[in-house]
Amino acid sequence: MDLLWLIPAFPLLGFVILFATQGRLGELPASLIGAGSMGLSALAAAFVGYEFVSSGETVFTQTLWSWMQVGGFNPSFTLYLDGLSLVMMGVITGVGFLIHVYATGYMKGEDGFSRFFSYMNLFVFAMLMLVLGDNLLVLYLGWEGVGLCSYLLIGFYHHDPANGYAARKAFVVTRVGDTAMALGMFLLFKELGTMDIQAALSGAQATWPEGSPVVTAIALLLLGGAVGKSAQLPLQTWLPDAMAGPTPVSALIHAATMVTAGVYLIARTHDLFLLSSTAQLMVASIGLATLFISAFTALTQTDLKRILAYSTMSQIGYMFFALGVGAWSAAIFHLMTHAFFKALLFLAAGSVILALHHEQDIFKMGGLWRRLRIPFVSMLIGSAALAALPLTSGYYSKDLILLKSWSFNPLFWAGASVAALLTALYSVRMISIVFFGEMRTEPHEHKAWNLSLPLIVLSVLALAGGWFGLAPLAAVLPDGGIDHDPYAAWLVWGTASIPIIGVVLGFFIFYPPAKSHERNLSAGVKSLQGFLFSGWGFDTLYRTLIERPFNAIAHWNRNDIVDSLFTLIVTIATWTSNLIARSQTGQLRWYAANMVIGTVIVLMIAVVVS
Amino acid sequence: MNLLGLITLLLAGGVAAWAGERLKPGVSRWISLATLAVAMLWLAFVYLSWAAGSQTNALYAMQILPWIPRFGISVHLEMDGLSLMLVALTLFLGVIAIVSSWTEIESRQGFFQFNLMWTLAGVVGVFTALDLFLFFFFWEVMLIPMYFLISIWGHENRGYASMKFFLFTQISGLLMLFAILVLVYVHWRATGNFSFDYYDLLETRPEGDLAMWLMLGFFVAFVVKLPGVPFHTWLPDAHTQAPTAGSVLLAGILLKTGAYGLIRFVVPLFPEAALQFQWPAMLLGAVSVLYGGYMAFSQNDFKRLVAYSSVSHMGFVLIGVFAFNVIAVQGAIVQMIAHGFSTAALFMMAGALQQRLHTRDLSAMGGLWKYAPRMGVMTLFFVVASLGMPGLGNFIGEFLVLLGAFKVSVSITVAAAIGIIVAAVYGLLLMQRSFQGEPNDKVATMVDFGAREMSVMLLMMAALIAVGVYPQPIIDLADPVAQLISRGSP
């Protein structure tokens with residue numbers, strides 16, 4: 001287990017090498033360093049994970065060095081391994097490695113090949129620091145680091161200003177949440193005098209009674225950070241635009257790992273949320289609202305990657321929902337299975353997009369199932385898991401969440417179940433339009449082992465990844481791992497049958513795909529569809545309320561109004577000086593007259609005063 | 001050699017450079033570099049000999065010589081941890097300034113180097129003088145050569161900018177001089193002795209309104225220099241018009257003299273008045289953070305944008321000093337050092353761009369990454385550093401300031417924290433408008449950074465990473481002064 005530090009060190013080293021060589025490496029060496037460092041990291045993670053589980057210990061820490069010691073604030077670079085960080089580490093290095101391998105094929109021949117892998121490696125390093133940090137400050141380092149890499153990779157094709165805009169939007173919107181989170185950290189430190197997570201959690205339990213306003217404030221501020229990073233309402237608008245990045249980036253950062261950081265944060269600080277039912281309810285409500293809204297939006301999208309993006313928002317909504325209703329382990333379980341099947345969906349989508357020369361509009365696809373066999377099967381498996389069809393990995397995790405929500409509040413169960421139906425609907429719609437019907441664009445499949453192998457491995461994981469549960473979580477999360485409460489039989493069967501109903505319904509609505517192509521909609525339905533398509537108008541709202549006024553005032557004041565104060569002084573001085581200068585006429589009688597007048601005035605004053 | 005020797009060395013190096021240029025063109029910059037190298041070696045020697053010694057006294061060098069005994073004026077120079085760091089930063093950025101304007105200055109090279117070295121000498125004096133008369137003397141010494149740097153080698157509107165710089169500094173300096181004289185008078189009334197010595201005046205403790213007015217006299221002089229809103233308007237003009245070396249020195253060091261003055265003089269000399277003034281001062285800091293950031297966002301000129309961002313970043317220093325607790329004060333000091341590196345690098349970048357493109361206008365740039373990827377990466381790095389990325393120095397500074405300030409005022413902290421969001425907005429926009437976006441064919445001939453420029457950039461990069469992952473040396477060096485200001489409050 002002493003090798004724990006190597007796990008983040010490998011990708012960091014990969015980044016440093018790729019950075020130092022400034023893109024002079026060829027594609028093969030760059031691939032070897034980029035993906036190879038990830039392979040080593042995954043190996044080390046497997047080794048450490050094996051040792052950790054077989055040692056029977058529940059916690060392992062490793063202190064690297066003291067970051068600083070100032071006024072009682074003593075954060076150190078300490079890595080903290082327990083069941084929760086073990087699961088996260090496994091997902092990041094395992095899925096991360098597969099995506100890196102895939103990317104060596106996907107990015108072939110692109111400009112900036114080595115730059116791409118340097119950013120990817122840096123991302124994995126930051127993500128590992130996020131989940132391994134023992135201290136909120138180290139977590140925050142990873143938190144901001146992944147945000148930076150997300151920015152860099154969304155804007156990877158930086159010659160197109162639209163990508164730059166999407167990248168900045170992602171960074172700035174998430175930073176709004178990050179700032180709330182930082183304030184939460186300040187408040188925590190002010191109250192408890194530490195930022196060590198474990199010390200803070202036990203301190204919180206010892207200090208505050210349940211429902212104390214301070215702990216609610218801290219939990220809500222941390223939730224602010226989680227909401228931004230995980231693209232939940234109201235900070236969700238950046239994620240669909242983030243699809244501007246290369247597809248492996250969407251798979252790694254905007255599906256499998258970074259966007260689930262918020263879920264990790266809440267699970268990690270669960271003791272704070274347990275102390276505040278207000279914060280708990282808030283988490284559940286935000287999750288419910290997001291999963292509901294984005295499932296509807298996914299149903300109307302025409303861009304393959306945007307469908308997946310909204311689907312990701314929706315699935316993370318399920319994780320928040322799960323955290324809120326107290327299904328802690330199920331949330332992390334769903335995080336893991338989602339990482340498998342959503343990474344699979346994105347990579348399969350990437351193969352489709354690559355075969356169609358970067359065409360992303362699903363209505364220009366169609367009939368691809370005969371020609372793109374591996375992507376088709378992968379997408380089928382991924383969609384089945386996404387819809388939570390029985391026996392797929394997604395079923396095990398989502399089912400647990402839905403069942404648990406029933407005991408929290410049946411209304412919450414109903415909302416999440418409707419969205420589960422919608423999930424099946426949009427999955428069927430996507431598969432039907434992309435792979436069946438008339439072929440509209442001739443595909444050119446890129447056959448390469450590094451493109452197929454990750455799809456195959458991830459397909460297996462998406463299918464079977466849920467069969468074994470997640471034992472290591474039991475020691476960490478308050479619900480004692482994945483529980484099997486006895487639920488009423490009708491509830492169990494009812495919940496399990498929702499996705500099946502959805503698929504059947506979807507089949508009737510969206511098959512054959514020609515139905516989706518030629519639909520005569522009434523004006524009312526069209527405007528509703530437009531509203532849903534735009535993601536419920538949030539972008540317009542923020543543009544009108546924030547962006548436009550911000551820009552307008554900046555433009556109006558670009559010359560700095562404060563400076564006019566000083567300019568005014570200068571103007572007055574110049575004006576007075578001119579006035580006085582005018583009295584210097586050079587005429588003797590003018591001076592003589594002035595002297596007489598002056599003397600008279602002075603004498604008069606003297607008389608009056610005396 | 002001692003502290004006076006160090007200052008004399010810099011002054012003499014300046015004279016030698018000016019004279020040397022007449023004998024052999026091109027030699028002056030080498031003379032300057034050599035002088036700075038000697039000065040740095042001396043500094044390293046001073047530190048190491050202290051470290052090898054007993055380490056009991058946190059004073060690295062000191063010197064007292066009589067100057068005008070009749071008025072209690074002496075040449076009293078001291079170097080504690082804070083001064084040591086700032087002098088080291090001064091010498092380092094001096095080298096950066098010389099290297100970054102290696103090919104930029106074509107006329108009167110010798111006189112240019114002379115002014116550069118005299119500015120540095122003045123700054124070193126400011127950072128070490130503990131006699132208030134001497135301090136004021138150095139305060140003026142650093143101003144005048146800087147005025148020449150801007151007015152002779154500046155850009156199109158240099159006359160206006162240099163005059164504005166001179167007037168702002170001079171008028172506020174006058175307030176300080178007046179406050180110093182009154183303070184000495186109060187001391188004389190109390191003790192019967194004339195003394196301008198720091199330690200004597202520390203005991204003076206004027207009371208009530210008088211203390212407040214005297215404190216404000218110092219405060220305004222230092223806040224103009226910092227600069228804080230609303231006294232910041234000289235800075236964008238001076239920076240924009242100054243030659244690269246001038247901007248590097250202005251942003252990297254001269255602004256820090258303002259922060260240094262607050263830490264060394266305002267709070268220790270007038271502790272009660274400063275405490276009373278805590279809320280307005282912190283508010284001024286928060287306004288600077290937000291207003292400076294917002295102004296940076298609206299700029300079209302690369303240098304003006306960076307200049308306004310300095311207003312924003314130095315606002316954190318103001319908040320930190322007046323939070324009166326160790327964490328925030330240490331944050332302010334780390335911020336001074338980190339901002340010195342990051343902003344100096346960005347100004348160097350602005351200068352390099354202007355030299356290549358003959359414009360600072362961002363709307364004439366765009367897509368430069370394609371032609372100059374090394375410059376692109378470096379700009380990216382320093383932009384990311386200045387928007388407060390953890391792992392780099394500026395983050396430590398701003399985070400500690402906010403962490404400490406939170407204990408004092410939640411609303412000020414929230415306002416300043418919003419400034420961090422604004423920093424991301426303008427920082428990334430700067431990156432977008434210069435290096436990203438549609439490549440512009442008009443600039444296709446642009447030359448990327450060579451080894452000379454890369455090596456200084458990498459040095460500053462290494463410095464920011466070092467401060468970011470292990471700021472402890474700075475914290476330790478600044479500890480005595482941080483304890484003094486915060487009076488033990490963590």
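Residues numbered from 1 in each chain as written. Chains lettered and ligands numbered in written order. Predicted model: local features only at pLDDT ≥ 70, side-chain atom pairs only at ≥ 80, totals over all residues. Heavy atoms only, no water.

1. Structural notes on the overall build of chain A
Step number 1: Secondary structure assignment for chain A yields 25 helices and two strands.
Step number 2: Here the C-alpha coordinates of chain A stretch approximately 110 × 60 × 55 Å along the principal axes.
Step number 3: Contacts in chain A between residues far apart in sequence, at least 24 positions, make up 81% of those at least 6 positions apart.
Step number 4: Surface exposure of chain A reaches about 23600 Å², of which carbon and sulfur atoms provide 69%.
Step number 5: Across chain A, 29 positive and 31 negative side-chain charges occur, with their mean positions spaced 13 Å apart. (Helix = DSSP H or I, 4+ residues; strand = E, 2+ residues; numbered from the N terminus. Contact = heavy atoms within 4.5 Å. Areas by Shrake-Rupley, 256 points an atom, 1.4 Å probe, with all protein chains shown as cover. Lys, Arg positive; Asp, Glu negative; His and termini not counted. Charge placed at Lys NZ, Arg CZ, Asp CG, Glu CD.)

2. Concerning empty space enclosed by the protein
Over the atoms rolls a probe the size of a water molecule, and in doing so it shows where empty space is left.
Step number 1: Throughout the structure, instances matching the rule amount to nine cavities of 30 Å³ or more.
Step number 2: Residue lining of the largest cavity: Tyr140(A), Arg175(A), Thr179(A), Ala182(A), Phe186(A), Gly388(B), Phe395(B), Glu398(B), Phe399(B), Leu402(B), Ala417(B) and Ile420(B), and that is the complete set.
Step number 3: Put simply, the parts of the chain that give the lining of the largest cavity at least two residues each are helix H6 (161-192) of chain A together with helix H16 (393-408) and helix H17 (410-434) of chain B.
Step number 4: Broken down by class, the residue content of the lining of the largest cavity amounts to eight nonpolar, two polar and two charged.
Step number 5: Size it by volume and the second largest cavity reaches roughly 100 Å³.
Step number 6: In terms of lining, the second largest cavity is formed by 14 residues, of which the most central are Gln236(A), Thr237(A), Tyr310(A), Ser534(A) and Gly535(A). (1 Å grid on protein atoms, 1.4 Å probe; cavity = no way out; pocket = protein on both sides within 12 Å on 5 of 7 lines; lining within 4 Å. Points joined across faces, edges and corners; volume = space filled by probe spheres on them. Nonpolar A, V, L, I, M, F, W, Y, C, P; charged D, E, K, R; others polar.)

3. Considering the layout of surface pockets
Step number 1: Computed from the structure, the second largest pocket encloses a volume of approximately 830 Å³.
Step number 2: Val172(A), Val173(A), Ile546(A), Glu547(A) and Val425(B) are, among the 23 residues lining the second largest pocket, the residues nearest its centre.
Step number 3: Put simply, the parts of the chain that give the lining of the second largest pocket at least two residues each are H6 and helix H23 (538-556) of chain A together with H17 of chain B.
Step number 4: For the lining of the second largest pocket, a count of residues per class yields 16 nonpolar, two polar and five charged.

4. Considerations on H23(A)
Step number 1: Here H23(A) contains 19 residues, and its C-alpha end-to-end distance of 26 Å stays within 8% of the 27 Å for a straight helix at 1.5 Å per residue.
Step number 2: Of all the bends in H23(A), the greatest, near 40°, is centred on Thr544(A). (Expected span 1.5 Å × (residues − 1). Bend = angle between axes of the 7 residues up to and from the residue.)

5. Notes on the interface of chain A and chain B
The figure often quoted for interface size is the accessible area lost as the parts come together.
Step number 1: Each side of the interface is counted separately: chain A has 50 residues, and chain B has 61 residues.
Step number 2: Counting each side, the surface lost to burial between chain A and chain B is near 4600 Å², with a carbon and sulfur contribution of 73%.
Step number 3: The largest per-residue losses of area from chain A upon contact with chain B belong to His158(A), Arg175(A) and Phe186(A), which jointly make up 14% of the total buried on that side.
Step number 4: A salt bridge links Lys164(B) to Asp563(A); the shortest N-O distance between them is 2.9 Å.
Step number 5: Scanning the region where chain A abuts chain B turns up 18 residue pairs in polar contact (both at pLDDT 80 or more).
Step number 6: Among the elements of the structure, strand S1 (60-66), helix H4 (113-132), helix H5 (136-154), H6, H23 and helix H24 (561-582) of chain A are those that each provide at least two residues to the side of chain A that touches chain B.
Step number 7: For the side of chain A that touches chain B, a count of residues per class yields 31 nonpolar, 11 polar and eight charged. (Buried area = accessible area lost by both parts, 1.4 Å probe. Salt bridge = Lys/Arg side-chain N within 4 Å of Asp/Glu carboxyl O. Polar contact = N/O pair within 3.5 Å; in protein donor to acceptor, adjacent residues only side chain to side chain.)

6. Here we look at the pattern of salt bridges
Opposite charge on two side chains makes pairing possible when the charged atoms of those side chains draw close.
Residue and element names in this part refer to chain A.
Step number 1: This model, assessed by the stated rule, comprises 17 salt bridges over all chains.
Step number 2: Note that Arg440 is salt-bridged to Glu438, the shortest N-O span being 3.8 Å.
Step number 3: Among the residues examined, Arg440 registers a relative accessible area of 39% and is labelled partly exposed.
Step number 4: Salt bridges sharing partners connect three or more residues here, namely Lys169, Asp241, Arg306 and Asp539. (Buried < 20%, exposed > 50% of the residue type's maximum accessible area, 1.4 Å probe, protein only.)

7. So, the pairing of strand S1 (residues 59-68) of chain B
Step number 1: The pairing of S1(B) with strand S2 (residues 73-80) of chain B spans eight bridges and is classified as antiparallel. Counted as the bridge partner of Gln63(B) is Leu77(B) from S2(B). (Pairing = 2+ DSSP bridges.)

8. Topic: the domain arrangement of chain B
All names here are of chain B.
Step number 1: Taken domain by domain, chain B comprises domain 1 (1-276) and domain 2 (277-490).
Step number 2: Computed from C-alpha atoms alone, the centre-to-centre distance between domain 1 and domain 2 is 22 Å.
Step number 3: Listed per partner, the contact involves 59 residues of domain 1 and 47 residues of domain 2.
Step number 4: Carbon and sulfur atoms supply 76% of the area buried between domain 1 and domain 2, which totals about 4300 Å² over both sides.
Step number 5: Between domain 1 and domain 2 we count two salt bridges in total. (Domains from an automatic or database assignment.)

9. Looking at the packing of helix H10 (residues 244-269) of chain B against helix H13 (residues 302-322) of chain B
Each pair of packed helices gets described by two things: the angle between the helix axes and the distance between those axes.
Residues and elements named next belong to chain B.
Step number 1: At their nearest, the axes of H10 and H13 sit 11 Å apart, and the two run at 15° to each other. Here H10 is positioned roughly parallel relative to H13, judged by the angle of their axes. Crossing of H10 against H13: the hand is right-handed. Across from Thr244, Ser247, Ala251, Leu255, Lys256, Ala259, Leu262, Ile263, Val266 and Val267 in H10, the residues of H13 making contact are Lys303, Ser310, Met314, Val317, Leu318, Val321 and Phe322.
Step number 2: Its residues placed into classes, the contact of H10 with H13 shows 12 nonpolar, three polar and two charged. (Axes fitted to C-alpha atoms, helices over the stretch in contact; angles between N-to-C directions. Parallel < 35°, antiparallel > 145°, perpendicular 65-115°, else oblique. Left-handed = near helix turned anticlockwise from the far one by under 90°.)

10. As for the packing of aromatic side chains
Step number 1: According to the stated counting rule, one finds 69 aromatic pairs over all chains in the structure shown.
Step number 2: A ring pair is formed by Phe112(B) and Trp153(B), whose centres lie 5.1 Å apart and whose planes are at 75°; its orientation type is edge-to-face. Pair noted here: Phe112(B) is in helix H4 (residues 109-128) and Trp153(B) is in helix H5 (residues 132-153), with a separation of 41 residues, a long-range link. Per residue, the accessibility class of Phe112(B) equals that of Trp153(B), and both read buried.
Step number 3: Taken together, the ring pairs in this structure connect Trp18(B), Phe111(B), Phe112(B), Phe114(B), Trp118(B), Tyr147(B), Phe148(B), Trp153(B) and Phe166(B) into an aromatic cluster.
Step number 4: In this structure, Lys398(A) is placed above the aromatic ring of Tyr318(A), and the distance from its NZ or CZ to the ring centre is 4.7 Å.
Step number 5: The aromatic ring of Trp139(B) is capped on one face by Lys225(B), whose charged end is 5.3 Å from the ring centroid. (Phe/Tyr/Trp six-rings, centres within 6.5 Å; stacked < 30°, edge-to-face > 60°. Lys NZ or Arg CZ within 6 Å of the ring centre and 35° of its normal.)

11. Digging into H6(A)
Residues and elements named next belong to chain A.
Step number 1: Between the first and last C-alpha of H6 there are 45 Å, a value that for 32 residues agrees with the 46 Å anticipated at 1.5 Å per step.
Step number 2: Residue Val176 marks the point of greatest curvature in H6, where the axis turns by about 25°.
Step number 3: For H6, the N-terminal capping position is held by Asp160, with its side-chain oxygen 3.0 Å away from the main-chain nitrogen of Ala162.
Step number 4: Immediately downstream of H6, the backbone of Gly193 shows phi near 70°, a positive value.

12. Concerning the side chain of Gln63(B)
Residue and element names in this part refer to chain B.
Step number 1: Locating Gln63 in the fold gives a position in strand S1.
Step number 2: Assessed through its relative accessible area of 11%, Gln63 is described here as buried.
Step number 3: Separated by 2.8 Å, the side chain of Gln63 and the backbone nitrogen of Leu4 make a polar contact.
Step number 4: Leaving out residues up to four positions away in the same chain, Gln63 has contacts with Asn2, Leu3, Leu4, Val75, His76 and Leu77.

13. Focus on the packing of helix H8 (residues 208-225) of chain B against H10(B)
All names here are of chain B.
Step number 1: For the pair H8 and H10, interaxial distance at closest approach is 7 Å and the crossing angle is 160°. On the basis of the axis angle, H8 is roughly antiparallel to H10. At the point where H8 passes H10, the crossing takes the left-handed sense. Where H8 approaches H10, its residues Met215, Phe218, Phe219, Phe222 and Lys225 are matched on the opposing element by Leu254, Leu255, Thr257, Gly258, Gly261, Leu262, Phe265, Val266 and Leu269.
Step number 2: Residues of the contact of H8 with H10, tallied by class, amount to 10 nonpolar, three polar and one charged.

14. Here's the deal with unusual backbone geometry
Step number 1: The omega angle of the peptide bond from Leu226(B) to Pro227(B) is -5°, so this bond is cis rather than trans.
Step number 2: Checked against the element boundaries, Pro227(B) lands in the loop between H8 and helix H9 (234-241).
Step number 3: Between Val229(B) and Pro230(B) the backbone carries a cis peptide bond, its omega angle lying at 5°.
Step number 4: Phi is positive for Ala388(A), which is not a glycine, with a value near 65°.
Step number 5: Assessed through its relative accessible area of 5%, Ala388(A) is described here as buried.

15. Quick look at the nonpolar core
Step number 1: Core analysis: the biggest nonpolar cluster contains 412 residues, and Phe73(A), Leu304(A), Met79(B), Leu132(B), Phe218(B), Phe322(B) and Phe382(B) have the highest contact counts within it.
Step number 2: Lining this core are residues from two domains, each supplying at least three of them: domain 1 (1-276) and domain 2 (277-490) of chain B.
Step number 3: Excluding residues within four positions of it along the chain, Phe218(B) makes contact with Leu132(B), Met176(B), Ala179(B), Ile180(B), Phe265(B), Val266(B), Leu269(B) and Phe270(B). (Core = buried A, V, L, I, M, F, W, Y, C linked by side-chain atoms within 4.5 Å.)

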